[in-house]
Amino acid sequence: MASSSVREDKYRLYLREDSEKNTKWRYGAPPNYDAVNKLFEEGRTKVWPPGSLEEQVQNLVKSWEMEMFHKVDMQDYRSVDPKKYTFSLNGRKPISLEEKRKLGGGYIPLLQTSLPEKLRPYNPYEETADSSHKAFTTTFPRGFALEILHVYSGPPVIVYKFRHWGYMEGPFKGHAPTGEKIEVYGMAIFTLDENSKIVKVEFFYDPAELLGGLLKGPDFDGSAEDAVASCPILRNTG
């Protein structure tokens, strides 16, 4: 479904009325990042100067995340070259955009695991892009903010350290909310081509930092979790 009511976002390069009016959005409308932008501005540890390499990288990564999670048609992607693009997690074999979608898309490629099935506290391979998005936006109703802590090299090969954080204010997979801050640190490498399009993404981080904090709460009534997750506002948070 195309939308003609795109709200400009100061941190996401391609969320603009003029360039996104015909975009097909996964949840029927452009995402609203007001809540997570507020969380970011209140909780960030770095304020990068306008136009600095760090600010440019931070906005590029936020734009990439927005497109990966919310755009339906790969031809609507502006941050990446869909034909060349590959993604890998923690040194695994790179996968194409098409393979990424077959895997499930959304959060699933970022939560790949080698643990035996019976030892997985959260099994990404049993999820879909929609079910994983619903689970995490329910858990983090204000979003999961991102900041760039350090940029070690600039384009065409961008190497950076990142921090993600949010507050577990909603249930997660049968576990009650704790209200605690969940933080994840890691490294990533983004390779750009001659047209400044992302053609290769490599992430290195420990998913247990995220999942460990989400499983600390006591057992929770799943029917109440479903009621929270059905909220249309939460479905559009980033």
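For clarity, every value in this text was computed on a predicted model and none was experimentally measured. (Residues numbered from 1 in each chain as written. Predicted model: local features only at pLDDT ≥ 70, side-chain atom pairs only at ≥ 80, totals over all residues. Heavy atoms only, no water.)

Caption draft 1: Structural detail: the overall build of the protein. Secondary structure summary: the protein contains 8 helices and 6 strands in total. Scanning the protein from its N terminus toward the C terminus, one meets helices and strands in the order α-α-α-β-β-α-α-β-β-β-β-α-α-α. Across the 238 residues of the protein, 49% fall into the buried class. Surface summary for the protein: the accessible area is close to 11200 Å², and the carbon and sulfur share equals 53%. (Helix = DSSP H or I, 4+ residues; strand = E, 2+ residues; numbered from the N terminus. Buried < 20%, exposed > 50% of the residue type's maximum accessible area, 1.4 Å probe, protein only. Areas by Shrake-Rupley, 256 points an atom, 1.4 Å probe, with all protein chains shown as cover.)

Caption draft 2: Highlighting the side chain of Asp9. With respect to the secondary-structure elements, Asp9 resides in the segment before helix H1 (17-20). A polar contact is formed between the side chain of Asp9 and the side chain of Arg12, at a distance of 3.0 Å. A distance of 2.9 Å separates polar atoms of two side chains, one belonging to Asp9 and the other to Asn37. Not counting residues within four places of it along the chain, the set of residues in contact with Asp9 comprises Leu15, Arg16, Tyr33 and Asn37. (Polar contact = N/O pair within 3.5 Å; in protein donor to acceptor, adjacent residues only side chain to side chain. Contact = heavy atoms within 4.5 Å.)

Caption draft 3: Molecular detail of the pattern of salt bridges. Taken as a whole, this structure holds 14 salt bridges when the rule is applied. Among the ionic pairs, Asp9 bridges to Arg12, the shortest N-O distance being 3.0 Å. An identical accessibility class is assigned to Asp9 and Arg12; each is buried. When the shortest N-O distance is used, the salt bridge between Lys84 and Asp81 registers 3.9 Å. Taking the relative accessible area as the measure of exposure, Lys84 reaches 40% and is therefore partly exposed. One network of salt bridges, in which partners are shared, links Glu20, Glu67, Lys71 and Arg78. (Salt bridge = Lys/Arg side-chain N within 4 Å of Asp/Glu carboxyl O.)

Caption draft 4: Representation of the nonpolar core in the model. Core analysis: the biggest nonpolar cluster contains 43 residues, and Trp64, Tyr160, Phe190 and Phe203 have the highest contact counts within it. Contributions of two or more residues to this core are made by helix H3 (53-70), strand E1 (86-89), helix H5 (129-139), strand E3 (145-153), strand E4 (157-167), strand E5 (181-192), strand E6 (198-205) and helix H6 (208-214). Among the elements that take part in this core, H3 stands out by supplying 6 residues, more than any other. Other than its neighbours up to four places away in sequence, Tyr160 contacts Val57, Val61, Ile148, His150, Val151, Tyr152, Gly186, Met187, Ala188, Phe190 and Phe203. Judged by nonpolar contacts, the second largest core, of 10 residues, contains Val36, Leu39, Phe40 and Ala145. (Core = buried A, V, L, I, M, F, W, Y, C linked by side-chain atoms within 4.5 Å.)

Caption draft 5: Spatial organisation of the packing of aromatic side chains. Applying the stated rule across the entire model yields 15 aromatic pairs. Geometry around Phe40 places Lys62 over its ring, the cationic atom sitting 4.0 Å from the centre. In this structure, Arg163 packs its charged tip against the face of Trp165, placed 3.8 Å from the ring centre. (Phe/Tyr/Trp six-rings, centres within 6.5 Å; stacked < 30°, edge-to-face > 60°. Lys NZ or Arg CZ within 6 Å of the ring centre and 35° of its normal.)

Caption draft 6: The arrangement of the environment of Trp25 in detail. Tracing the chain through its elements places Trp25 in the loop between H1 and helix H2 (34-43). Look at Trp25 and you get buried, because its relative accessible area is 2%. The sequence separation of Trp25 and Asp76 amounts to 51 residues, and the corresponding C-alpha distance is 9.7 Å.

Caption draft 7: Looking closely at H2. Along H2, the residues that are buried comprise Val36, Asn37, Leu39 and Phe40. Angular distribution of buried residues about the axis of H2 spans 160°; they occupy a single face of the element. On its buried face, H2 sits against H3, E3 and E4. (Arc of directions from axis to C-beta.)

Caption draft 8: Representation of H3 within the structure. With 18 residues, H3 should cover 26 Å at 1.5 Å per step; its first-to-last C-alpha distance of 26 Å lies within 8% of that length. The buried fraction of H3 amounts to 14 of the 18 residues, a majority that puts the element mostly inside the structure. (Expected span 1.5 Å × (residues − 1).)

Caption draft 9: Local environment of the side chain of Glu147. Of note, Glu147 is situated in strand E3. Among the polar contacts made by the side chain of Glu147, one reaches the side chain of Arg163 at a distance of 2.8 Å. Contact partners of Glu147, with chain neighbours within four places excluded, come to Phe40, Arg44, Thr45, Lys46, Gln58, Lys161, Phe162, Arg163 and Trp165.

Caption draft 10: The arrangement of the pairing of E1 in detail. Where E1 meets strand E2 (residues 95-96), 2 bridges bridge the pair, whose relative direction is antiparallel. Its bridge partner being in E2, Thr86 is matched across the sheet by Ser96. Here E1 hands over to E2 after 5 residues, with Asn90 in that stretch at a positive phi of 50°. Inspection of the sheet shows E1 paired to E6 by 4 bridges, in the parallel sense. By the bridge assignment for E6, Leu89 is matched with Phe203. (Pairing = 2+ DSSP bridges.)

Nothing here speaks to function; it is geometry throughout.
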